[in-house]
Amino acid sequence: MNKKELQAEIMRLKKEKDICILAHAYQDHELWEVADYMGDSYGLSLQAEEAPQKNVIMCGVRFMAETVKTLAPEKRVFLANASAGCPMADQLTREDVLKLKEKYPDHTVCAYINTTADLKRAVDVIVTSSSAIKIIGNMPDDKILFVPDPNLGGWIAEQMPEKEFVFSGEGCPSHRKITADDVKKARELHPDAEILVHPECMAEVTKIVDFAGSTTGIMKYAKESEKTEFVIGTENSIVDHLKIECPEKNFYPLSPKCVCDDMRITTLEDVYGCIMGTSGEEIFLSPQEIEESRKPIDRMIELGG
Ligand code: 13P
Ligand code: SF4
């Protein structure tokens, strides 16, 4: 089957088998085209409960499929490519967090959604890049232990100096490759462009650019801006999407190194195989894991709106 035939077959089969296909913004455009919903991590979480279908295929990484299973345990949830993990999500375990809680007993533990379901069982609240400011801003707690991305955490802390933050974890290996020197070079090469980055970038980058926001936040900003040139500092798939969606504007990657192999691994063939039961992986979580990891995710949705 060529690409168009494969897409048509996926569209036909997903209706026949009552499947909702969710795609994260970093997925290939050809996957967006067969998805029922495309969005950032926060948007994908909301879709878990809203989707009317009994089955969900996640085109993204493992923690995203786990979040869907946690929020909609009655659905069968599949990760389209079983190898798609998030290296940042594997940096800290639940045991690490329990030790940190002993060290910081009066801190509220706030975890980025890019964490395992098991780790989420030990934390107070989950945030995503698009919801973090609202959620932590709405919490009365003034001492925050933030895991596992000190760059996103530092960007949040910068905007709420009244709260005290401690960080653990190393952050996203792909976004950490972008440097202040890349920004300096981009300003020289494209003096009229606006520079838009993800808050997973280091502080030396987020402090000197025009906008920092989630994957869909970056795309919305570029679409709505009157400017016609943009340098994009996040996984480089966003540059490709914006070129397709706004052909009248120009987009350049801030660094060719900002590529996440895990986000790029899923293909249309994987989705087809997942529907046919020959590839992908069904996500199973125990009732205890679901009950405990759901609490901080529910708090995210309650405070994030
Ligand atoms: P978003 O919440 O912005 O989609 O980010 C998820 C992610 O993994 C970014 O690296
Ligand atoms: Fe994880 Fe970074 Fe890849 Fe996002 S881009 S999935 S945070 S490694």
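Residues numbered from 1 in each chain as written. Chains lettered and ligands numbered in written order. Predicted model: local features only at pLDDT ≥ 70, side-chain atom pairs only at ≥ 80, totals over all residues. Heavy atoms only, no water.

**Re the site of ligand 1**
Argument step 1. Every residue close to ligand 1 is listed here: His 24, Tyr 26, Asp 40, Ser 41, Tyr 112, Asn 114, Ser 129, His 175, His 198, Glu 200, Ser 214 and Thr 215.
Argument step 2. With respect to ligand 1, the side chain of Asn 114 contributes an N or O atom lying 3.1 Å from an oxygen atom.
Argument step 3. A distance of 2.9 Å separates an oxygen atom of ligand 1 from a polar atom in the side chain of Ser 129.
Argument step 4. Summarising the interface, the protein chains cover 96% of the accessible area of ligand 1, which totals 300 Å² for the free molecule.
Argument step 5. Looking at side-chain class alone, the shell around ligand 1 contains two nonpolar, eight polar and two charged residues. (Near = heavy atom within 4 Å. Polar contact = N/O pair within 3.5 Å; in protein donor to acceptor, adjacent residues only side chain to side chain. Areas by Shrake-Rupley, 256 points an atom, 1.4 Å probe, with all protein chains shown as cover. Nonpolar A, V, L, I, M, F, W, Y, C, P; charged D, E, K, R; others polar.)

**Focus: the site of ligand 2**
Argument step 1. Every residue close to ligand 2 is listed here: Tyr 26, Cys 86, Pro 87, Met 88, Asn 114, Cys 172, His 175, Glu 200, Cys 260 and Met 263.
Argument step 2. Looking at the shell around ligand 2 residue by residue, the classes come out as seven nonpolar, two polar and one charged.

**Structural notes on the pairing of strand β3 (residues 55–59)**
Argument step 1. Among the five residues that make up β3, five are buried, leaving the element largely enclosed by the rest of the structure.
Argument step 2. Side chains Asn 55, Ile 57 and Cys 59 of β3 all project onto a buried face; the interleaved residues Val 56 and Met 58 project onto the opposite face, where all are buried too.
Argument step 3. In terms of strand pairing, strand β1 (residues 19–24) meets β3 through five bridges, oriented parallel. Counterpart to Cys 20 in the pairing with β3 is Val 56.
Argument step 4. The pairing of β3 with strand β4 (residues 76–79) spans four bridges and is classified as parallel. Its bridge partner being in β4, Asn 55 is matched across the sheet by Arg 76. (Buried < 20%, exposed > 50% of the residue type's maximum accessible area, 1.4 Å probe, protein only. Helix = DSSP H or I, 4+ residues; strand = E, 2+ residues; numbered from the N terminus. Pairing = 2+ DSSP bridges.)

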